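Listed below are the residues making up each chain.
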Amino acid sequence: MDRFQAMTTFIRVVDTGSFSAAARQTNVGQPAVSKAIAQLEDQLGVRLITRTTRGLSPTEAGQRFYEHARRALEEAEEAELAARGAGRGLTGRLRISAATTFARLHIVPRLPGFLAEHAELEMEIIMDDRVVDMVEEGIDVALRMGSLPDSTATARKLATGRRSLVATPAYLDRAGVPTSPADIAGHQAVVYTRYDTHNWTFRNAAGGEASVNVGGRLRVTAAEGLRAAVLADFGLAVASDWMFAPELADGRVVRLLDGWSLPPIDLWALFPTGRLASAKARGFADFMAAALREG
């Protein structure tokens with residue numbers, strides 16, 4: 001039995017949750033997949049896969065083997081790429097994590113170009129505003145915004161985004177246009193609890209600072225909720241330009257308080273520590289950094 005082929009088959013079984021799906025991905029019959037896993041279990045002397053009512057899942061030993069096997073295959077791929085040089089495209093499977101709104105607006109629309117450059121690459125995007133456990137969920141690279149908590153991940157800053165006070169023209173026609181931070185107190189505000197509190201702090205070019213306790217009645221926990229509320233003409237919000245990029249471009253949302261600014265927000269690429277950042281993960285991070293620079 002080819003050890004690397006057996007490891008690849010096992011990883012496919014765990015990723016897909018079934019022998020039949022793994023067989024389709026590896027272009028072999030299901031009996032061959034079952035036989036490969038059985039031979040691998042015999043060789044290791046442990047049970048790697050267990051059947052549940054929902055399908056197949058790795059045992060505790062199987063999960064440990066999965067993590068090490070995947071790392072070994074990634075490092076083997078790194079060795080091949082180093083030997084071949086940069087002339088070949090990226091290959092294999094890339095699993096990334098990103099906030100839902102950012103992924104929808106800034107990652108997915110750019111993927112056709114990225115995948116066209118790397119015809120043998122497969123991608124899976126975990127679109128979720130929560131902070132996922134990268135090792136537990138098998139994430140190769142995660143894109144996260146804001147300050148980073150203490151983490152076991154290796155971080156690389158990809159870009160810095162502007163944050164602004166925004167609203168729709170329809171809301172401003174109804175409620176008036178704030179011309180200074182003090183005017184915000186008389187407006188409805190939408191607070192995004194992931195990054196903001198009820199206190200917004202603005203600075204001007206002269207070094208002055210103004211803090212405002214906003215009186216909005218709506219708090220949201222996800223960027224999609226903030227977007228929906230602002231676009232429904234509910235009120236003012238503080239948001240990155242990334243969050244409202246299409247609407248800022250066509251005028252459906254406008255920036256307010258010229259002469260005042262808010263602290264910017266950083267976008268990071270995170271790679272799990274303890275394993276080599278794969279060429280796929282680094283290549284995707286490079287691609288996103290370049291794409292955001294170009295706008």
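It should be emphasised that the depicted structure is a prediction, and the values quoted were computed from it without experimental measurement. (Residues numbered from 1 in each chain as written. Predicted model: local features only at pLDDT ≥ 70, side-chain atom pairs only at ≥ 80, totals over all residues. Heavy atoms only, no water.)

## Re the sheet that holds strand β10 (residues 209-213)
Now for step 1: Taken in spatial order, the three strands of this open sheet run β10-β9-β14, and their pairing is antiparallel. With partners counted over all chains shown, the strands left at the sheet margins are β10 and β14 (260-261), one partner each.
Now for step 2: Sheet topology note: the strand β9 (residues 199-204)/β14 ladder contains two bridges and is antiparallel. Each residue of the ladder has a partner; that of R203, found in β14, is S261. (Pairing = 2+ DSSP bridges. Helix = DSSP H or I, 4+ residues; strand = E, 2+ residues; numbered from the N terminus.)

## So, empty space enclosed by the protein
Now for step 1: Tallied over the full model, the rule gives three cavities of 30 Å³ or more.
Now for step 2: By volume, the largest cavity is sized at about 230 Å³.
Now for step 3: Together, 21 residues line the largest cavity, and M145, Y192, Y195, S240 and M243 are the ones closest to its centre.
Now for step 4: At the level of elements, α5 (100-107), β5 (141-145), β12 (236-240) and β15 (265-272) are the ones that each hand at least two residues to the lining of the largest cavity. (1 Å grid on protein atoms, 1.4 Å probe; cavity = no way out; pocket = protein on both sides within 12 Å on 5 of 7 lines; lining within 4 Å. Points joined across faces, edges and corners; volume = space filled by probe spheres on them.)

## Points about the side chain of T59
Now for step 1: Topologically, T59 is positioned in the loop between β2 (55-58) and α4 (60-84).
Now for step 2: Of the residues examined, T59 reaches a relative accessible area of 18% and is grouped as buried.
Now for step 3: For T59, the side chain forms a polar contact with the main-chain oxygen of R47, separated by 2.6 Å.
Now for step 4: Beyond its immediate stretch of four places on either side in the chain, T59 contacts R47, L48, I49 and T50. (Buried < 20%, exposed > 50% of the residue type's maximum accessible area, 1.4 Å probe, protein only. Polar contact = N/O pair within 3.5 Å; in protein donor to acceptor, adjacent residues only side chain to side chain. Contact = heavy atoms within 4.5 Å.)

## Focus: the pattern of salt bridges
Now for step 1: One pass over the structure, following the stated rule, counts 12 salt bridges.
Now for step 2: Across the pair R203 and E209 runs a salt bridge, and its minimum N-O distance is 3.2 Å.
Now for step 3: Taking relative accessible area as the criterion, E209 reaches 53% and is therefore assigned exposed.
Now for step 4: The network of salt bridges with shared partners includes R227, E247, D250 and R252. (Salt bridge = Lys/Arg side-chain N within 4 Å of Asp/Glu carboxyl O.)

## Some words on helix α3 (residues 30-44)
Now for step 1: Relative to the 21 Å expected for 15 residues at 1.5 Å per residue, α3 spans 21 Å between its end C-alpha atoms, a close match to the ideal helical length.
Now for step 2: Here α3 has its buried residues at V33, A36, I37, L40 and E41. Around the axis of α3, the buried residues are gathered within 130° of arc, so they sit on the same side. Of the residues in α3, the exposed ones pointing more than 90 degrees away from the buried face are P31, K35 and D42.
Now for step 3: At the exit of α3 stands G45, carrying a positive phi of roughly 75°. (Expected span 1.5 Å × (residues − 1). Arc of directions from axis to C-beta.)

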